[in-house]
Amino acid sequence: MNATTIDFTSAAVSRAVPTEACIEHATASLVTSLPEDGLGFEHIKKHILNDVAPAFTGSSRCPNYYAYTTGGVTDAALFADWVASTWDQNVQVHLPRDTVATSLEATTLRLLQQLLSLNEVDFPGRIFTTGATASNILGMALGREFIVAEAGRRKSPPIRTSVAELGILEACFQAGVTNMQVLATLPHSSLYKATSAVGIGRDSVIVIPRSDSEPWKFDLDSLAKHLSAEAVSIISISAGEVSSGRFATNGEEMSQIRVLADQYGAWIHIDGAFGLQALVLPHTDAYKALNEGVSSFHLADSIAGDAHKLLNVPYDCGLFFSRWLNLQQTVFENPNATYLSTSALPIPSPLNLGLENSRRFRALPVYASLVAYGRIWHRDLLERQIALARRIGSYIRKSAIYELLPDDDLEQIYMVVLFRARSETLNAQLVSLLNAPKEIRVSGLPWKGQLAARIAVGTWRVEVDRDFRMVVKALEGAAAAASLSL
Ligand SMILES: *Cc1c(COP(=O)(O)O)cnc(C)c1O
């Protein structure tokens, strides 16, 4: 293989993952001792293109990579990502007279709010992050600041206190807070990490599922009971539960949760890493359940999203929106950096809105994709992804070999299909059998204590008929390999 046979544009690849031989070759080819004299640009180009790149997964380039919601990379986003690297703009600094990057980032966040119908007046705190994990950390940090301050305001006599200023021990002591909890249903693992990082603690995440059959939904009575305990609370809404793609709330439940949150001084955070994208769907009967799942999101205090998933821009790019700009600036203020002065422009300095100071110009690929393709393209894309997922779901539902999870309801299916084999023998090897030909890639995960397989359709390369045939071929192949006939 030589450099010209590797296409490093956005062309599709047919393998979901490389062969073992490819990975072995690439690993053996790595330069493991630092050269005293560099090997040169031509050398490294060939090395990367010939030895290393063939051993990458097709996660973003193969239309049939379904293992994680990686999304792909649109041509416009890829082009803009090259430009972002070439000019290497640093959007921590807020220099609207020196670079258009500041204004472009602010504009892009507004375009995203238009795409997602999130009113920019409702959510004045907005920033790009490295991903939904970072956005969940932001949400937990803001929530923590709010609920402890709120406990202080509710004391008699009221006191003013701030975790951001005093630290968590002193602020909690002053506010009389002895217990902090995060109430959720089937939270993503990163929420546990976020609670650890901001000093709330993983053990403080309390899961309150409605029932065995609908564990992704809140038991509202139990939620009310937990909120009334001696504790301050963040309510975290899984909007798009990672295994099943189901949504924790509908519009009515969001309204009820808002009332409860206001009553108890709680904070509402939405983890919408891939679920947020459902806000682009039309309001039709086919999407009733999904429309409901993202209904009344304007009632949340903070929202985490991912652009490197369903928005199909390159890694890494996450989104964060909050209702409380001042509070966000209190938590993330980068004080006394006068040389990075904030300007007169009505754009709050990103320096005081998130974790990072120096930051990649992540906005440019998002801007490029949104402007190049527009709202309708993004809506049609998600509809195609859902159409494929539902067609696979329908096939599995009718199959004697496979079983659709978590239930038989096709209308609830978003772009995720969860399923298992009815035969324990097949099920035990299902994921490896499906993945063995390396044409598609699915992930395996536990669901209610049993192994299950998951197909997550995230890429813009989706073509419903073609990809449906690929998946059926894999499902039939796995059954045949386990000597079960369909
Ligand atoms: C992927 C995902 C995350 C973590 O996002 P990263 O982009 O990997 O940081 C968080 N929550 C949910 C529901 C996810 O699907």
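See above for the structure.
Predicted model only: the values in this text are computed from it and were never measured. (Residues numbered from 1 in each chain as written. Predicted model: local features only at pLDDT ≥ 70, side-chain atom pairs only at ≥ 80, totals over all residues. Heavy atoms only, no water.)

**Points about the pairing of strand β4 (residues 232–238)**
For β4, the tally of buried residues reaches 7 of 7 residues, placing the bulk of the element in the interior. Residues Val232, Ile234, Ser236 and Ser238 point to one face of β4 and Ser233, Ile235 and Ile237 to the other, with burial holding for every one of them. When strand β2 (residues 180–184) meets β4, the two strands line up parallel, connected through 5 bridges. Residue pairing across strands places Met180 opposite Val232, the latter belonging to β4. Once the chain exits β4 it traverses helix α10 (residues 251–264) before rejoining the sheet at strand β5 (residues 267–271), and the crossover so formed is right-handed. (Buried < 20%, exposed > 50% of the residue type's maximum accessible area, 1.4 Å probe, protein only. Helix = DSSP H or I, 4+ residues; strand = E, 2+ residues; numbered from the N terminus. Pairing = 2+ DSSP bridges. Right-handed = clockwise from strand over helix to strand, strands pointing away.)

**As for the packing of aromatic side chains**
A full pass over the atoms with the stated rule returns 9 aromatic pairs. Taken together, Phe146, Trp267 and Trp324 form an aromatic cluster joined through their ring pairs. Positioned over the ring face of Phe146 is Arg153, at 5.8 Å from the centre of the ring. (Phe/Tyr/Trp six-rings, centres within 6.5 Å; stacked < 30°, edge-to-face > 60°. Lys NZ or Arg CZ within 6 Å of the ring centre and 35° of its normal.)

**Concerning the pattern of salt bridges**
If the charged atoms of two oppositely charged side chains come close together, the side chains can form a pair. Within the structure shown, the criterion is met by 23 salt bridges. Put simply, Arg360 and Asp81 hold a salt bridge, and the shortest N to O gap is 2.9 Å. With a gap of 279 residues between them, Arg360 in the loop between α12 (325–332) and α13 (363–398) and Asp81 in helix α3 (residues 75–87) connect regions that are remote in the sequence. The closest approach of N and O atoms between Glu383 and Arg379, which form a salt bridge, is 3.9 Å. Taken together, the residues Glu383 and Arg379, both in helix α13 and 4 residues apart, mark about one turn of the helix. (Salt bridge = Lys/Arg side-chain N within 4 Å of Asp/Glu carboxyl O.)

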